[in-house]
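Coordinate inspection notes
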Amino acid sequence: MGTMTVEEIYSDRQKFSTAVFETASADFVSMGIGIISYTLKDIHDDNGYLLALGKARTAEVKRDAAIGEVQAMRDSGIKSARAEQQQLSSKYENDIEVAKAHRDFDLKKAAYDREVNAKKAESDLSFSLQTAKTRQRIEEENVQVKVIERQQAISVQEQEIQRRQRELEASVKKPAEASKYQMKTLAEAEK
């Protein structure tokens, strides 16, 4: 035990405990007492040297703990910043993909709308054309009806003229011819 320094006694308590056990056991065996086990409760001195060593060691441990805590917080902050950066990067990439999808959707929708509007305009134009053709056919049929009506009117007038001619022949020409024939026959008879 006398070979150990105070610092060694304070820092390596197991070695100190073993040295005390061996020294004390030898003394107690000579007295006929055997030590089965023992426990060192505390090591102290009257001058406070060991307490001062403990304070220095405690200060070292506290300093190392504070440094470790600061380093851990720094490392944690760095990892947190990296994780946040990765999260923001992922979010921005996701936002870009969403914006691209919206753009593609809008472009396709615009193309479909143009196609639908073109077909609608074509349909409207086709309807207008068909309406115009139908009106033209109706107009042509109206003209045909008027032509037929005029032809029938002309036919009726011709029949009326023929009827009047026959009437005139019956009422004027035939009596005149009969009168002429009568006069001729009378004149020949007088001759």
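Everything quoted here is computed from the prediction, not taken from an experiment.

**A closer look at the confidence of the model for the protein**
Put simply, the protein has an average pLDDT of 87, and 97% of its residues get 70 or more. The lowest-confidence element of the protein is helix α1 (residues 6–11), averaging 75 in pLDDT; the highest-confidence one is helix α3 (residues 49–190), averaging 90.

**A closer look at helix α2 (residues 13–30)**
In this model, α2 (18 residues) spans 26 Å end to end at C-alpha, consistent with the 26 Å of a helix rising 1.5 Å per residue. Buried residues of α2: Phe16, Ser17, Ala19, Val20 and Ser25, and no others. On its buried side, α2 packs onto α1.

**Some points on the pattern of salt bridges**
Enumeration according to the criterion identifies 10 salt bridges in this entry. A salt bridge links Arg74 to Asp75, with the shortest nitrogen-to-oxygen separation between them at 3.1 Å. The partner of Asp95 in a salt bridge is Lys91, with the nearest N and O atoms 3.0 Å apart. On the criterion of helical spacing, the pair formed by Asp95 and Lys91 is a turn pair, its members being four residues apart in helix α3. A relative accessible area of 34% places Asp95 in the partly exposed class.

**Points about a nonpolar patch on the surface**
On the surface, a nonpolar cluster with roughly 280 Å² of combined accessible area is contributed by Phe28, Met31 and Ile33. Secondary-structure assignment places Ile33 in the loop between α2 and α3.

**Description of the side chain of Ser17**
Position of Ser17 relative to the elements: it lies in helix α2. By relative accessible area, Ser17 is classed as buried at 19%.

Conventions adopted
- Residues numbered from 1 in each chain as written.
- Predicted model: local features only at pLDDT ≥ 70, side-chain atom pairs only at ≥ 80, totals over all residues.
- Heavy atoms only, no water.
- pLDDT = per-residue confidence, 0-100.
- Helix = DSSP H or I, 4+ residues; strand = E, 2+ residues; numbered from the N terminus.
- Expected span 1.5 Å × (residues − 1).
- Buried < 20%, exposed > 50% of the residue type's maximum accessible area, 1.4 Å probe, protein only.
- Contact = heavy atoms within 4.5 Å.
- Salt bridge = Lys/Arg side-chain N within 4 Å of Asp/Glu carboxyl O.
- Patch = residues over 30% accessible without salt bridge, like charges linked within 9 Å, V, L, I, M, F, W, Y side chains within 5 Å.
- Areas by Shrake-Rupley, 256 points an atom, 1.4 Å probe, with all protein chains shown as cover.

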